[in-house]
Amino acid sequence: EGISCLCRLSSLTVIKLSRCKCISNTELMALSEMMGLTDLNLSGCCLITNKGIEALRKLAFLKAINLSMCDKVTDEGVRVLSTVTNLAEINLSGCVLITDEGLSSLSSLIALTSLNLEFCEKITNKGVLALAMLPDLTTLNLGSCRYRRLRRNANR
């Protein structure tokens, strides 16, 4: 109920809710009505799933989102983020369910300048190659990813 009251604040552009353990998909539905949001920090909001991210599709002016340690977010959620075309900064560190498939959908975000994939252990060479399609990417964090190469020939 508290989050839905924020919708009245038409000048609000930045919301930081990191580690708010009570933030769930329901609160994201309310936040999706705040059309002026440009920066949303949901780091550590462990109740958030792909369903909640689906609601954020409506935030056309969103430029930065932090979903680090939202460990229920999967490739499906990343595909939804790829439809928010103004996104310039995405933090998905610790989203351990994200794979190469999700990364490939991000190649449509031509405004993306910063991407944090630290601790995303399922990323391989194939996913990193998809990021080469991002012309304005200036910052990429693949730290502690256990970045794995795909074998070219299994018989070698």
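Residues numbered from 1 in each chain as written. Predicted model: local features only at pLDDT ≥ 70, side-chain atom pairs only at ≥ 80, totals over all residues. Heavy atoms only, no water.

As for the overall build of the protein chain
Condition: Runs of E in the DSSP output that reach at least two residues are strands. Runs of H or I that reach at least four are helices, and both are numbered from the N terminus. Radius of gyration: C-alpha atoms only; globule rule: 2.2 Å multiplied by the number of residues to the exponent 0.38. The classification of residues rests on relative accessible area computed with a 1.4 Å probe and restricted to protein chains. Under 20% of the type maximum is buried, over 50% is exposed, and intermediate values are partly exposed. It only takes one pair of heavy atoms within 4.5 Å for two residues to be counted as in contact. Charged residues are defined narrowly, with Lys and Arg counted positive, Asp and Glu counted negative, and His plus the chain ends left uncounted. Where a charge sits is defined by one atom per residue type, namely NZ (Lys), CZ (Arg), CG (Asp) or CD (Glu).
Of the regular secondary structure elements, the protein chain holds six helices and six strands. The secondary structure elements of the protein chain, listed N-terminal to C-terminal, are α-β-α-β-α-β-α-β-α-β-α-β. Taking 15 Å as the expected radius of gyration for a compact globule of 156 residues, we find that the protein chain reaches 16 Å, a close match to that expectation. A total of 156 residues make up the protein chain; the buried ones form 44% of that total. Taking the intrachain contacts of the protein chain between residues at least 6 apart in sequence as the baseline, contacts between residues at least 24 apart amount to 67%. Treating the 18 positive side-chain charges of the protein chain as one cloud and the 14 negative ones as another, the clouds have centres 7 Å apart.

Regarding the sheet that holds strand β3 (residues 64-66)
Whether parallel or antiparallel, the strands of a sheet pair through hydrogen bonds between backbone atoms. Formally: Should DSSP find at least two bridges between two strands, the strands are taken to pair. Here an axis means a line fitted to C-alpha atoms, over the contact stretch when the element is a helix, while the angle between two N-to-C directions is reported on a 0 to 180 degree scale.
The six strands lie next to each other as β1-β2-β3-β4-β5-β6, forming an open sheet whose pairing is parallel. The open sheet has two free edges, formed respectively by β1 (14-16) and β6 (139-141), since each of these has just one partner strand. With strand direction ignored, the average angle separating the axes of adjacent strands in the sheet is 5°. Pairing of strand β4 (residues 89-91) with strand β5 (residues 114-116), which is carried by three bridges, proceeds in the parallel orientation. Note that in β5 the partner of Ile90 across the bridge is Leu115.

Thoughts on the side chain of Ser32
Looking at where Ser32 falls in the secondary structure, it is placed in the loop between α2 (25-31) and β2 (39-41). Not counting the four nearest positions on each side in its chain, Ser32 is found in contact with Ala55, Leu56, Lys58 and Leu59.

Side note on the environment of Pro135
Tracing the chain through its elements places Pro135 in the loop between α6 (125-131) and β6. You can call Pro135 exposed: its relative accessible area is 57%. Counting along the chain gives 25 residues from Pro135 to Ile110, while the straight-line C-alpha distance between them is 6.4 Å.

Some remarks on the nonpolar core
This is how the line gets drawn: The nonpolar core is taken to be a set of buried Ala, Val, Leu, Ile, Met, Phe, Trp, Tyr and Cys residues, with the residues joined through side-chain atoms within 4.5 Å.
Counting residues in each nonpolar core, the largest one holds 41 residues, and the members touching the most others are Leu40, Leu42, Ile65, Ile90 and Leu92. Once you skip the residues sitting within four places of it in the chain, Leu42 turns out to touch Leu17, Ser18, Ile23, Leu28, Ile48, Leu56, Asn66, Leu67, Ser68 and Cys70.

Observations concerning unusual backbone geometry
Trans is the prevailing form of peptide bonds, just as negative phi is the prevailing case for residues other than glycine. Positive phi is not limited to glycine here, since Arg19 has a value of about 60°. Tracing the backbone through its elements, the reader meets Arg19 in the loop between β1 and α2. Positive phi outside glycine occurs at Met69, with the angle close to 65°. Its location among the elements puts Met69 in the loop between β3 and α4 (75-81). Judged by relative accessible area, Met69 falls into the partly exposed class, the value being 49%.

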